[in-house]
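These are the residues of each chain, in order.
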Amino acid sequence: GNSVTQMEGPVTLSEEAFLTINCTYTATGYPSLFWYVQYPGEGLQLLLKATKADDKGSNKGFEATYRKETTSFHLEKGSVQVSDSAVYFCALIGTNTNAGKSTFGDGTTLTVKP
Amino acid sequence: SQTIHQWPATLVQPVGSPLSLECTVEGTSNPNLYWYRQAAGRGLQLLFYSVGIGQISSEVPQNLSASRPQDRQFILSSKKLLLSDSGFYLCAWSQSGVAGELFFGEGSRLTVL
């Protein structure tokens, strides 16, 4: 079946530091890949997505590139802010997934200190 | 535009009491609907999903049940809560027939004492 493995946290960075959160996946075919963000006490919201190999998703300074050869979708940001503190989830939807069900990683907690 | 709302946001219930969490979606028709649970410090576990009225699929055996009495209404229930039912419950929807992103509600924090 499909699976997502993401970098274990928590991750603590200083403001303006470079961020990488690793995500690798196992899936048949050509899944769509997503990063969601969850701020404290809230539901998840889509951060960015990529639907085919070599696509780059980007939003709010975050980027991730769909690498089929390494089955990866690592999240990066060049300069983090305190407001980026949240839990980040990598997820996929497989091409043969029933009812559009998503498979999620366990989440990575990011804390950015001023 | 589409919106999703779930309630209540927070509740504290004794062991053995019933549960009802409700979720509604506006601005779309025939959505796929989902209930997830998020235990403290852990990822999301899919509990139920529905592709249409009255159609419920369960992902894990448990003490909970779900119902979809209307196209855009999804209800999570229990007859008798257990301590292990404590957690953060999230309702979500996605567009039917499209392998696209999920749109989540605000979440409901349940504490069973």
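Each remark here, short or long, concerns the structure printed above.
A short tour of the structure in this document, coming up. This is a predicted model, so every value here is computed, not measured.

Brief notes about the nonpolar core
In terms of nonpolar packing, the biggest core is built from 26 residues, with W35(A), L47(A), L48(A), F73(A), L75(A) and Y88(A) touching the most fellow members. Secondary structure elements with two or more residues in this core: β2 (11-14), β3 (19-21), β4 (23-26), β5 (32-38), β6 (44-50), β8 (62-65), β10 (86-93) and β12 (108-113) of chain A. At four residues, β10(A) tops the list of elements feeding residues into this core. Ignoring any residue separated from it by four or fewer positions in sequence, one finds L48(A) in contact with L33(A), F34(A), W35(A), G57(A), S58(A), N59(A), F62(A), E63(A), A64(A), F73(A) and L75(A). Formed by 20 residues, the second largest nonpolar core is a distinct cluster that contains L11(B), L33(B), C91(B) and W93(B).

Some words on the interface of chain B and chain A
Taken together, the contact pairs 20 residues of chain B with 20 residues of chain A. Between chain B and chain A the total buried area reaches about 1,500 Å² when both faces are included, carbon and sulfur atoms providing 57% of it. Seen at the junction of chain B and chain A, the total is two salt bridges. Among the salt bridges present, the one from K101(A) reaches E59(B), with a minimum N-O distance of 3.2 Å. Inspection of the chain B/chain A interface yields five residue pairs in polar contact (both at pLDDT 80 or more). Of all the secondary-structure elements, those providing two or more residues to the side of chain B that touches chain A are β4 (32-38), β5 (44-52) and β9 (87-94) of chain B. For the side of chain B that touches chain A, the per-class residue count stands at 11 nonpolar, five polar and four charged.

Quick notes on the pattern of salt bridges
One side chain can pair with another of opposite charge once the charged atoms of both are near each other. Scanning all chains against the criterion turns up eight salt bridges over all chains. E101(B) is paired through a salt bridge with K49(A); the nearest N and O atoms lie 2.9 Å apart. Of this pair, E101(B) sits in the loop between β9 and β10 (103-104) while K49(A) sits in strand β6, which puts the two residues in different chains. For E101(B), a relative accessible area of 16% corresponds to the buried category. According to the relative accessible area criterion, K49(A) is partly exposed, its value standing at 37%.

Topic: the pairing of β4(A)
All names here are of chain A. Alternating residues of β4 divide into C23 and Y25, all buried, and T24 and T26, none buried. The pairing of strand β1 (residues 3-6) with β4 spans four bridges and is antiparallel. Residue V4 lies in a different strand from β4, and its bridge partner there is Y25.

Reading guide: rules and limits
Residues numbered from 1 in each chain as written. Chains lettered and ligands numbered in written order. Predicted model: local features only at pLDDT ≥ 70, side-chain atom pairs only at ≥ 80, totals over all residues. Heavy atoms only, no water. Core = buried A, V, L, I, M, F, W, Y, C linked by side-chain atoms within 4.5 Å. Buried < 20%, exposed > 50% of the residue type's maximum accessible area, 1.4 Å probe, protein only. Helix = DSSP H or I, 4+ residues; strand = E, 2+ residues; numbered from the N terminus. Contact = heavy atoms within 4.5 Å. Buried area = accessible area lost by both parts, 1.4 Å probe. Salt bridge = Lys/Arg side-chain N within 4 Å of Asp/Glu carboxyl O. Polar contact = N/O pair within 3.5 Å; in protein donor to acceptor, adjacent residues only side chain to side chain. Nonpolar A, V, L, I, M, F, W, Y, C, P; charged D, E, K, R; others polar. Pairing = 2+ DSSP bridges.

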